[in-house]
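Listed below, chain by chain, are the residues.
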Amino acid sequence: MRHDNGLLFSGGSDGTIRIWREDDAQLFKILQVSHLPVRDVAVNPSASHVGAIVSDALSSHYLTVWDWDTGEHVYSLPLPEAPLSLGYSPRGAYLVYSDVTFNSI
């Protein structure tokens, strides 16, 4: 996931979100967000928040949000099943995820 300020965000199986500088491809920061693998990442376009889906792909699924600038945990929410997608609204007011049910979003 790319942010407008020239940073790239990636999630890892080690429970981290890594933030890279786009101009020189150097690692900028590592956020340890969980002990579970990070399955999806979404970056708020208007704030320094990054959302992530962390899941063991079996029975534990969470949405977690962090302030990537300060490294502070904002909130986490347990989910009943693994979501299909994650994203912020264009102005960053909403963080949405979809799941496999008919009335998903």
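Just so you know, these numbers come straight off a predicted model, no measurement behind them.

Some points on the pairing of strand β7 (residues 61–67)
Of all the seven residues making up β7, six are buried; the element is thus mostly covered by neighbouring parts of the structure. In terms of strand pairing, strand β6 (residues 49–55) meets β7 through seven bridges, oriented antiparallel. Bridge pairing links Ser-55 to His-61 in β7. The hairpin formed by β6 and β7 contains five residues between the paired strands, and Ala-57 there has a positive phi angle of roughly 70 degrees. Strand direction decides the pairing type here: β7 and strand β8 (residues 72–78), joined by six bridges, are antiparallel. Across the sheet, residue Val-65 finds its bridge partner in β8, namely Tyr-75. Connecting β7 to the antiparallel partner β8 that follows it, the hairpin turn spans four residues, and Gly-71 within it adopts a positive phi of roughly 80 degrees.

With respect to the nonpolar core
Ranked by internal contacts, the top residues of the largest apolar core, which has 15 residues, are Phe-9, Ile-17, Leu-31, Val-33, Val-38, Val-50 and Trp-68. The contact partners of Val-38, leaving out residues within four places of it in the chain, are Gly-11, Gly-12, Gly-15, Thr-16, Ile-17, Val-33, Ala-52, Ile-53 and Val-54. With eight residues, the next largest nonpolar core counts Ile-53, Leu-63, Tyr-88 and Leu-95 among its residues.

Some thoughts on the sheet that holds β6
What the four strands build is an open sheet, ordered β5-β6-β7-β8; its pairing is antiparallel. Of all the strands in the sheet, the pair left with one neighbour each is β5 (38–43) and β8. Going across the sheet, the axis of each strand differs from the next one's by a mean of 20 degrees, ignoring polarity.

A look at the packing of aromatic side chains
Following the criterion strictly, the structure yields one aromatic pair and no others. Look at Phe-9 and Trp-68: their rings are 5.7 Å apart centre to centre, the planes differ by 70 degrees, and that puts the pair in the edge-to-face class. With Phe-9 in strand β2 (residues 7–11) and Trp-68 in the loop between β7 and β8, this pair connects stretches of sequence that are 59 residues apart. We note that Phe-9, like Trp-68, is buried.

Digging into a nonpolar patch on the surface
On the surface, Val-74, Tyr-75 and Leu-77 cluster together to form a nonpolar patch covering roughly 240 Å² of accessible area. Here Leu-77 shows up in strand β8. Accessibility expressed as a relative area gives 37% for Leu-77, which makes it partly exposed.

What counts as what
- Residues numbered from 1 in each chain as written.
- Predicted model: local features only at pLDDT ≥ 70, side-chain atom pairs only at ≥ 80, totals over all residues.
- Heavy atoms only, no water.
- Buried < 20%, exposed > 50% of the residue type's maximum accessible area, 1.4 Å probe, protein only.
- Helix = DSSP H or I, 4+ residues; strand = E, 2+ residues; numbered from the N terminus.
- Pairing = 2+ DSSP bridges.
- Core = buried A, V, L, I, M, F, W, Y, C linked by side-chain atoms within 4.5 Å.
- Contact = heavy atoms within 4.5 Å.
- Axes fitted to C-alpha atoms, helices over the stretch in contact; angles between N-to-C directions.
- Phe/Tyr/Trp six-rings, centres within 6.5 Å; stacked < 30°, edge-to-face > 60°.
- Patch = residues over 30% accessible without salt bridge, like charges linked within 9 Å, V, L, I, M, F, W, Y side chains within 5 Å.
- Areas by Shrake-Rupley, 256 points an atom, 1.4 Å probe, with all protein chains shown as cover.
- Salt bridge = Lys/Arg side-chain N within 4 Å of Asp/Glu carboxyl O.

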